[in-house]
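# Reading the structure
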Amino acid sequence: MKLGKFAVSFARDTSLGVLSGVKSALTGSFEWCAKSLSQISETPTVNGTRLGEFLKNTGISLGEAGSKTEEGLSRAFESTAQAMHTALEALSETESLIQRKVFENISVSSVVGESFAGMITTSEIQASFRLDGKDVSPEEALADWKKSGSKKPMLCVPGLFCDEGLWTKNGEPSFSEILIQENYYPFYLRFNPGAHISENGAKLLELVKKLLEDPELKRKKFDVVTFSQGGLILRSALYSSKKEGNPLSSNIQKVLFISSPDGGSYIEKVGFWLGLGAEALPVFPVQLVGYIGNQRSEAMKDLSHGIIREEDWKEGTHLGRYGKEKYFGELDEIDAYQIYSFVSEEEGDWSSWIGDGIVEKPSLTLLSDSIFRKKSNPDARVKILKGLSHYQIMPSPELREYFMKIFLGK
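Residues numbered from 1 in each chain as written. Predicted model: local features only at pLDDT ≥ 70, side-chain atom pairs only at ≥ 80, totals over all residues. Heavy atoms only, no water.

Within an unreviewed UniProt entry, the label attached to the protein chain reads DUF676 domain-containing protein, and the organism entered is Leptospira johnsonii.

Next up, the structure:
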């Protein structure tokens, strides 16, 4: 696409320069221009394209214009400029569409990550605050917060396959509408969901630190709500800040973890074992399928185990990570709550494995007793919903009721 825009820009600048010279000289360059444009139109790069046809027709027009007046040449100049401008606008619109549909596609990025096998770029999404569907700087987010008049900042951390639409489009009313109604200011975030969880945790920490450079905001404490993988991203940021000796927990008031896969996701575990098995079979087509299947994003690989630390994916093998520690004290100083759901209405081996359809029960409940219920007011720390899947929990009235109870005492 960039090459196409360059070609049109080059053709525009060349054509307009030639026509300007013709207009000034008013002598024998008409024939030369016509011949030059005809030759360009026959080159392999543009031959048979609309641009090639345009250049060819323009050359013919210039040949005929030899007997016309300077006024006619002026009109030809203006017409060419407009045509090239229109062509560049069309290419820019196409480039923007491709950028949104391919390189900024949350679903593609979640599955494949930033590249396929390190060879083909599949995502250019960068961690950022979001306003009106666009990336904005921390300074722009701060300016919008001050403009809102809200005194209650809320960080909204989405999960895999999600962006800020998770909060703004799910349910009636949406989660976002409830926040704004209760005078919260939601700081929406978007990450490259296919990157390592620890990398996105570092990005989150960096973005929040930028916000905290503002003296007014530094005097306040954030509330935080996370969904799915977003819970691991937040825990990773908390772990890193604690390791640095400047714990982010001092700037946080309450956190609600929604469907956090603290022990990983069986969906990714199954994908890993199937891919590993296929690659091990002595049949090339099956091996190729296994290889392609194992080109999953780094985030999805991290989800096999619920990895939140950089050292845990950098060291050892994928198989060697089973049985490693999952928790590192990052929530000890946090007023934290969790809510999750089970697809099944009844307890049983099947329901324990299937969990909420994406995350198995042992993963959802990994920190329930050991961390959440060890805090004060243990009965209010964990909320379990029945008959809802991983993605059905977000628009549910039960989630909104629990949020109101925890954050607003209603």
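After that view of the structure, there is still more to cover.
### Concerning the packing of aromatic side chains
Tallied over the entire structure, the rule returns 11 aromatic pairs. Here the aromatic rings of tyrosine 185 and phenylalanine 187 are separated by 4.7 Å at their centres, their planes lie at 70 degrees, and the arrangement is edge-to-face. We classify tyrosine 185 as buried; its relative accessible area is 6%. Taken together, the ring pairs connect Trp167, Phe175, Tyr184, Phe403 and Phe407 into an aromatic cluster. The ring of tyrosine 184 is capped by lysine 152, whose NZ or CZ atom sits 4.3 Å from the centre of that ring. One cation-aromatic arrangement involves arginine 381 over tyrosine 337; the distance from NZ or CZ to the ring centre is 4.3 Å. (Phe/Tyr/Trp six-rings, centres within 6.5 Å; stacked < 30°, edge-to-face > 60°. Buried < 20%, exposed > 50% of the residue type's maximum accessible area, 1.4 Å probe, protein only. Lys NZ or Arg CZ within 6 Å of the ring centre and 35° of its normal.)

### Quick look at the environment of histidine 305
Examined against the element boundaries, histidine 305 turns out to sit in the loop between α14 (298–302) and α15 (310–314). Residue classification places histidine 305 among the buried residues on the basis of a relative accessible area of 2%. Distance in space between the C-alpha atoms of histidine 305 and glycine 323 is 8.6 Å, their sequence separation being 18 residues. (Helix = DSSP H or I, 4+ residues; strand = E, 2+ residues; numbered from the N terminus.)

### Points about the confidence of the model for the protein chain
Residues at a pLDDT of 70 or more form 58% of the protein chain, whose mean pLDDT is 73. Note on residues 94–123: pLDDT is under 50 here. Beyond four places in sequence and across chains, it has 68 contacts. In the predicted structure, residues 270–295 sits below a pLDDT of 50 and forms 31 contacts with residues beyond four places in sequence or in another chain. (pLDDT = per-residue confidence, 0-100. Contact = heavy atoms within 4.5 Å.)

### Focus: the packing of helix α9 (residues 197–211) against helix α11 (residues 229–244)
One can describe the packing of α9 onto α11 by two numbers: an axis separation of 8 Å at closest approach and a directional angle of 65 degrees. Between α9 and α11, the angle is such that the two are roughly perpendicular. The way α9 lies across α11 gives a crossing that is right-handed. The residues of α11 that touch α9, namely those facing Ile197, Ser198, Asn200, Gly201, Leu204, Leu205 and Lys209, are Gln229, Leu232, Ile233, Leu234, Ser236, Ala237, Ser240, Ser241 and Glu244. Residues that form the contact of α9 with α11 fall into these classes: seven nonpolar, seven polar and two charged. (Axes fitted to C-alpha atoms, helices over the stretch in contact; angles between N-to-C directions. Parallel < 35°, antiparallel > 145°, perpendicular 65-115°, else oblique. Left-handed = near helix turned anticlockwise from the far one by under 90°. Nonpolar A, V, L, I, M, F, W, Y, C, P; charged D, E, K, R; others polar.)

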